[in-house]
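# Architecture at a glance
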Amino acid sequence: MSISIFSSYGNAQSNDPVLGVWKTIDEKTNQPSSLIRLEEKNGELIGVVTELIPTPGEALVTHCNLCKDERKGKPIVGMIIMKGLKRGAPGNWSGGEILDPEEGEIYKVKIAMVNDKTLEVRGYIGIPLLGRTQIWVR
């Protein structure tokens with residue numbers, strides 16, 4: 001899951017602190033890799049890629065060539081990569097899935113606000129213990 005996500009407050013119906021644009025950080029380079037807009041639709045949290053940020057010296061993956069579902073071969077910008085999350089406490093959502101568009105893999109996901117500028121995104125297979133956490137920043 002190397003795509004980073006940014007979120008800004010974007011939905012007047014909810015003031016959940018996760019809503020808005022988040023910057024994802026590439027785990028290998030520690031550089032920003034994308035912007036993700038988190039929004040609430042029909043009680044579900046979704047994440048849409050709004051921008052890909054190139055890393056100097058690396059090829060930018062612009063299409064989900066390794067996806068195994070209807071997103072295969074589609075542009076990553078504009079793609080819903082996170083869906084199905086339901087709100088727990090403010091700033092905490094779980095029960096959804098997240099796509100790693102570079103690898104084409106789908107993971108279960110839960111997210112939690114650390115503070116107003118930091119979001120923990122935990123992608124996992126099976127149980128949360130079997131996964132990894134990314135930090136997204138505003």
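Note that the structure is predicted; figures quoted are calculated from it, not measured.

### Points about unusual backbone geometry
Backbone phi values are negative for most residues with the exception of glycine, while trans is the configuration of most peptide bonds. For Asn-30, which is not glycine, the phi dihedral falls at a positive 60 degrees. Relative to the assigned elements, Asn-30 resides in the loop between strand S2 (20-25) and strand S3 (32-41). A residue is classified by how much of its surface remains accessible, and Asn-30, at 60% relative accessible area, is exposed. The phi torsion at Asn-42 lies on the positive side, around 55 degrees, for a residue other than glycine. Structurally, Asn-42 can be placed in the loop between S3 and strand S4 (44-52). Asn-42 gets classed as exposed once you look at its relative accessible area, which sits at 84%.

### Some words on the confidence of the model for the protein
Model confidence for the protein is summarised by a mean pLDDT of 88, while 90% of its residues fall at 70 or above. Confidence drops under a pLDDT of 50 for residues 1-13, and excluding neighbours within four residues, the segment shows 80 contacts in the predicted structure.

### Let's talk about the state of the cysteines
A full pass over the atoms with the stated rule returns 1 disulfide. Through a disulfide, Cys-64 is tied to Cys-67; the S-S separation comes to 1.6 Å. With the S-S bond torsion at 65 degrees, the cross-link from Cys-64 to Cys-67 turns out right-handed. For Cys-64, a relative accessible area of 0% gives the class buried. The exposure class of Cys-67 is buried, given its relative accessible area of 2%.

### Details of the pattern of salt bridges
In total, this model carries 8 salt bridges according to the counting rule given. Arg-87 is paired through a salt bridge with Asp-16; the nearest N and O atoms lie 3.0 Å apart. Taken together, the residues Arg-87 in strand S5 (residues 80-87) and Asp-16 in the loop between strand S1 (4-6) and S2 connect sequence positions 71 residues apart. Overall, the relative accessible area of 2% leaves Asp-16 in the buried class. Close ionic contact of Arg-87 with Glu-40 constitutes a salt bridge, the shortest N to O distance being 2.9 Å. Taken together, the positions of Arg-87 in strand S5 and Glu-40 in strand S3 put the pair 47 residues apart, joining distant regions of the chain. Judged by its relative accessible area of 37%, Arg-87 falls in the partly exposed class. What makes Glu-40 buried here is its relative accessible area of 16%. A network of salt bridges, in which partner residues are shared, links Asp-16, Glu-40 and Arg-87.

### Remarks on a nonpolar patch on the surface
Among the surface-exposed residues, Ile-127, Leu-129 and Leu-130 lie close enough to one another that they form a single nonpolar patch of about 330 Å² accessible area. Assignment of secondary structure puts Leu-129 in the loop between strand S8 (118-124) and strand S9 (131-137).

### Some remarks on the nonpolar core
Counting 24 residues, the largest nonpolar core has Val-18, Leu-38, Leu-45, Met-82, Ile-111, Leu-119 and Trp-136 as its most contacted members. Listing elements by their share of this core, those giving two or more residues are S3, S4, S5, strand S6 (92-100), strand S7 (105-115) and S8. When neighbours within four sequence positions are excluded, Leu-119 is seen to be in contact with Val-18, Trp-22, Leu-38, Ile-111, Ala-112, Met-113, Gln-134, Ile-135 and Trp-136.

Cut-offs and rules
Residues numbered from 1 in each chain as written. Predicted model: local features only at pLDDT ≥ 70, side-chain atom pairs only at ≥ 80, totals over all residues. Heavy atoms only, no water. Helix = DSSP H or I, 4+ residues; strand = E, 2+ residues; numbered from the N terminus. Buried < 20%, exposed > 50% of the residue type's maximum accessible area, 1.4 Å probe, protein only. pLDDT = per-residue confidence, 0-100. Contact = heavy atoms within 4.5 Å. Disulfide = S-S within 2.5 Å. Salt bridge = Lys/Arg side-chain N within 4 Å of Asp/Glu carboxyl O. Patch = residues over 30% accessible without salt bridge, like charges linked within 9 Å, V, L, I, M, F, W, Y side chains within 5 Å. Areas by Shrake-Rupley, 256 points an atom, 1.4 Å probe, with all protein chains shown as cover. Core = buried A, V, L, I, M, F, W, Y, C linked by side-chain atoms within 4.5 Å.

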